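Notes for the structure review
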Amino acid sequence: MKEGAKSAVLMELTKDQLETGLRGVPVGYCTTSSVEAQKGLFYVGRPVEEIANSDPEQVIHLLLHKTWPTAEQSAEFSKLLKANQGVPREVLDTLKALPRTGHPMKWFIHAINALGMVGACGDYRRECIDLIAKIPVITAAIFRVRSGWGEPIAPRTDLGYMENFVYMLGVPGLDADKTRKLTKLMRVFDVVHFDHGGGNLSTFVGKAVASGKADMYESMSAAMAGLAGPLHGKANQECLEFVQECVAKVGENVNADAVRGLIQQKLASKEVVYGFGHAVLRVEDPRAKVLRATGEELCPTDINFRMVKLLAEVVPPILAANPKISDPHPNVDSASGSLLMACGLTDPDYYTVLFGLSRVVGIAAQIVYERCEARQGKGTPIVRPKYFFSPLGTSQGEAEIAGTG
Ligand code: NMX
Ligand code: MLT
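Predicted, not measured: the structure shown is a model, and the values here were computed from it.

What counts, and at which threshold
Residues numbered from 1 in each chain as written. Chains lettered and ligands numbered in written order. Predicted model: local features only at pLDDT ≥ 70, side-chain atom pairs only at ≥ 80, totals over all residues. Heavy atoms only, no water. Axes fitted to C-alpha atoms, helices over the stretch in contact; angles between N-to-C directions. Helix = DSSP H or I, 4+ residues; strand = E, 2+ residues; numbered from the N terminus. Left-handed = near helix turned anticlockwise from the far one by under 90°. Contact = heavy atoms within 4.5 Å. Nonpolar A, V, L, I, M, F, W, Y, C, P; charged D, E, K, R; others polar. Near = heavy atom within 4 Å. Polar contact = N/O pair within 3.5 Å; in protein donor to acceptor, adjacent residues only side chain to side chain. Areas by Shrake-Rupley, 256 points an atom, 1.4 Å probe, with all protein chains shown as cover. Pairing = 2+ DSSP bridges. 1 Å grid on protein atoms, 1.4 Å probe; cavity = no way out; pocket = protein on both sides within 12 Å on 5 of 7 lines; lining within 4 Å. Points joined across faces, edges and corners; volume = space filled by probe spheres on them. Buried < 20%, exposed > 50% of the residue type's maximum accessible area, 1.4 Å probe, protein only. Patch = residues over 30% accessible without salt bridge, like charges linked within 9 Å, V, L, I, M, F, W, Y side chains within 5 Å. Salt bridge = Lys/Arg side-chain N within 4 Å of Asp/Glu carboxyl O. Domains from an automatic or database assignment. Buried area = accessible area lost by both parts, 1.4 Å probe. Phe/Tyr/Trp six-rings, centres within 6.5 Å; stacked < 30°, edge-to-face > 60°.

The geometry of a pair of packed helices is captured by two quantities: the angle between their axes and the separation between those axes. The geometry of helix H11 (residues 235-250) relative to helix H16 (residues 351-373) is characterised by a closest axis approach of 7 Å and an angle of 145 degrees between their N-to-C directions. Relative to H16, H11 is oriented so that their crossing is right-handed. For the pair H11 and H16, the contacting residues are Asn236, Gln237 and Leu240 in the first and Tyr351, Thr352 and Phe355 in the second. Its residues placed into classes, the contact of H11 with H16 shows three nonpolar, three polar and no charged.

Close to ligand 2 lie His196, Asn200, His232, His278, Arg287, Phe355 and Arg359. Residue His196 places a side-chain N or O atom 2.6 Å away from an oxygen atom belonging to ligand 2. Side-chain polar atom of His278 to an oxygen atom of ligand 2: 2.7 Å apart, as the coordinates give it. Starting from 270 Å² of accessible surface for ligand 2 in isolation, the protein chains cover 84%. A breakdown of the residues in the shell around ligand 2 according to their chemical character gives one nonpolar, four polar and two charged.

As paired strands, strand S1 (residues 33-36) and strand S2 (residues 40-43) are joined by four bridges and run antiparallel to one another. Along S2, the bridge assignment pairs Ser34 with Phe42. If you look at the hairpin formed by S1 and S2, you'll find three residues sitting between the two strands.

A separate point is empty space enclosed by the protein. Counted by the stated rule, this structure contains three cavities of 30 Å³ or more. In this structure, the largest cavity occupies an estimated 110 Å³ of space. Taken together, 13 residues form the lining of the largest cavity, with Leu81, Lys82, Gln85, Tyr161 and Asn164 sitting closest to its centre. At the level of secondary structure, the elements contributing two or more residues to the lining of the largest cavity comprise helix H3 (71-83), helix H6 (124-147) and helix H7 (161-169). The residue inventory of the lining of the largest cavity, partitioned by class, reads seven nonpolar, four polar and two charged. Here the second largest cavity is characterised by a volume of approximately 40 Å³. Considering the residues around the second largest cavity, the lining is formed by Phe276, Arg292, Val308, Leu311, Ala312, Pro330 and Ser334. When residues of the lining of the second largest cavity are assigned to their parent elements, the largest contribution, three residues, is made by helix H14 (residues 303-320).

Right, let's talk about unusual backbone geometry for a bit. Backbone geometry at Lys213 places phi at a positive 70 degrees, although glycine is not the residue there. Tracing the backbone through its elements, the reader meets Lys213 in the loop between helix H9 (201-211) and helix H10 (216-227). A positive phi is found at Arg375, a non-glycine position, where the angle reads about 50 degrees. You can call Arg375 partly exposed: its relative accessible area is 41%.

So, on to a nonpolar patch on the surface. Taken together, the side chains of Leu18, Phe388 and Ile401 present a nonpolar region at the surface, about 250 Å² in accessible area. According to the relative accessible area criterion, Phe388 is partly exposed, its value standing at 35%.

A few words on the domain arrangement of the protein chain. Looking at the assigned domains, one finds that the protein chain contains domain 1 (40-230 + 347-373) and domain 2 (235-342). Listed by partner, the interface residues are 25 residues for domain 1 and 25 residues for domain 2. On the domain 1 side of the interface with domain 2, the three residues burying the most area are Leu185, Pro230 and Tyr351, jointly 28% of the side's total. The tally of links from domain 1 across to domain 2 stands at one salt bridge. Measuring nitrogen to oxygen at the nearest pair gives 3.5 Å for the salt bridge that ties Glu297 to Lys184. The interface formed by domain 1 and domain 2 includes eight residue pairs in polar contact (both at pLDDT 80 or more). Elements represented by at least two residues in the side of domain 1 that touches domain 2 include exactly S2, helix H1 (48-51), helix H8 (176-193) and H16. Among the elements that line the side of domain 1 that touches domain 2, the one with the most residues is H8, at nine residues.

In this structure the tally under the stated criterion is three aromatic pairs. Measuring from ring centre to ring centre gives 6.5 Å for Phe143 and Phe165, while their planes differ by 80 degrees; the resulting arrangement is edge-to-face. Here Phe143 is found in helix H6, whereas its partner Phe165 is found in helix H7, with 22 residues between them in sequence. The interplanar angle of 25 degrees and the centroid separation of 4.4 Å between the aromatic rings of Phe143 and Tyr350 together place this pair among those described as stacked. One end of the pair, Phe143, is in helix H6; the other, Tyr350, is in the loop between helix H15 (336-342) and H16, and 207 residues separate them in sequence.

In this structure the tally under the stated criterion is 23 salt bridges. Of the charged contacts in the structure, one is a salt bridge between Asp177 and Arg180, with a shortest N-O distance of 3.1 Å. With a gap of three residues between them, Asp177 and Arg180 both fall in helix H8, about one helical turn apart. For Asp177, a relative accessible area of 38% translates into the label partly exposed. We classify Arg180 as partly exposed; its relative accessible area is 48%. Across the salt bridge formed by Lys266 and Glu245, the nearest N and O atoms sit 3.3 Å from each other. A residue pair is termed long-range when its members are at least 10 positions apart, and Lys266 in helix H12 (residues 256-268) and Glu245 in helix H11 qualify at 21 residues. Given the relative accessible area of 10%, Lys266 is considered buried. Three or more residues joined by partner-sharing salt bridges are found here, namely Arg89, Asp93, Lys96 and Glu151.

As C-alpha cells, this is what we get:
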C-alpha cells in the first residue's frame, strides 16, 4: 500500500450509520488477508482458491511470516509446530469434568482458556505458536471425550498438521477410504477458514480483548465466543440442518421448484436462510466454490451435497429479489457441513469447533501484529469506541443524542 497523507479523510460518518454493526467503518490495518467485495479473499495477496489445496502448514507460514516457505523453511516450521504440540495431561483431564450436554463450542472456549493456565508466558509470539501447535490436539480430544469415543489420542511427530488431526480424532468405524476423504477435506477446510480480513466478528473481538493486554488464550477464548453465534461460525451447523430439512421435505427427487417453495416460506416467516449472504462480499464467496469443487471430488452423489448444489442455484435469485438483502450468494458455510457429514463427521454440533480450529490461526497472527508490531512495535491502544447517550436509544424511532459515553 502506498502511504498517503496521515490526515487523508477515509470516510464521512452520518447518524444513520450508527447501530449498523460498524459496517464499513475503518479501524486499522490487517497484515494477513483482505476481503474484497467484488473479488473475494486473499491471503497476503494470494487468492484463497489458488492455495486452497496447499499444505496447511505452508499457508500458516504465509500468514505468520508473509512469505511462501521454501522446502527448508517448511520443514523447520513443521518441526517447530511438532515441538510445541504436546498438551499437558492436567489440561486434557479438565475436559472429563465438563457436562456432555454443553455445546462443543463451550468446551472449545473452556479448553483454550485452560491451555492458557499452563501456557501463558507474557510473549504473544510464543503464545501464538503454542496455541496453533496445540489446537488440533485439544480439538481432537474434545471430540473424543465429549462423544464418548475414548481417551484422547497422543499426537504423532511423523504426520502433517491435518493428517495428525484426523489420526487423533480416531473416528470410530471410519474405514480407510473415508479416512482418506476426511483427511483431504480437513486439509482444504482448514486452509479456507484460516483468516477473513481484520473485521470479522471473532477476529475483531479477539483483537479488542487483546488490546487490554489480555493474553493470547484469554483473547482467543473471547474470539471463539464470538464465533459461536449462528450468524457467524455456527452458520455451518445451522446450514447443514437446513440442507437436511430440505432433503427431508423434498425427498430423493431433488428438484428446484419444491426447494423454491421452502425458501419462500422461510423468508415469509422471517427466518434466516443460513449459508447465504455476507457483510462484505458482493460476489459468491470463493471458499464456497472451493468446497463445492472438493465435494465433486469426494462425495458427488451424496444427497446433501446434491442439495447444496441445487440451493446454490435456487436461493440467490430469491434473496436478490428482496431489496434489503445486500448479498444473495452462497457463503463458506453453505457447503462445509454437508461435506463433513459425507466424509464421516456425522454430528453437526461439532462443525463450528472445526471452523474455530482453523480460525485460531488467523486471529493469533493478527493479535501478534496488533500487540507486537503495530505503531513501530508499541501496539495499538486499548479499544474504546464512542457511544452517544440517549435514554431510549432507537427503540422509539430516531434517537436524540443527549451526551456521549
Ligand atoms: N437470510 C435471511 N435474511 C437475511 C439473509 C439471509 N441469508 N442475509 C441478510 N438478511 C437480512 C438481514 O437479517 C437484515 O435484516 P434486517 O434489516 O431486518 O436486520 C437484512 O437482510 C440486511 O442484511 P445485509 O446487509 O444483507 O447483511 P448483514 O451484513 O447485516 O449480515 C450476514 C450478514 C452474514 C449476518 C447475513 O447475510 C446472514 O444472516 N446470513 C445468514 C447467516 C450466515 O450464513 N452466516 C454466515 C456468514 C459467514 N460466516 O461464516 O461468518
Ligand atoms: C468469516 O469467515 O469470518 C465470515 O465470512 C464473516 C465475515 O467475514 O464477516
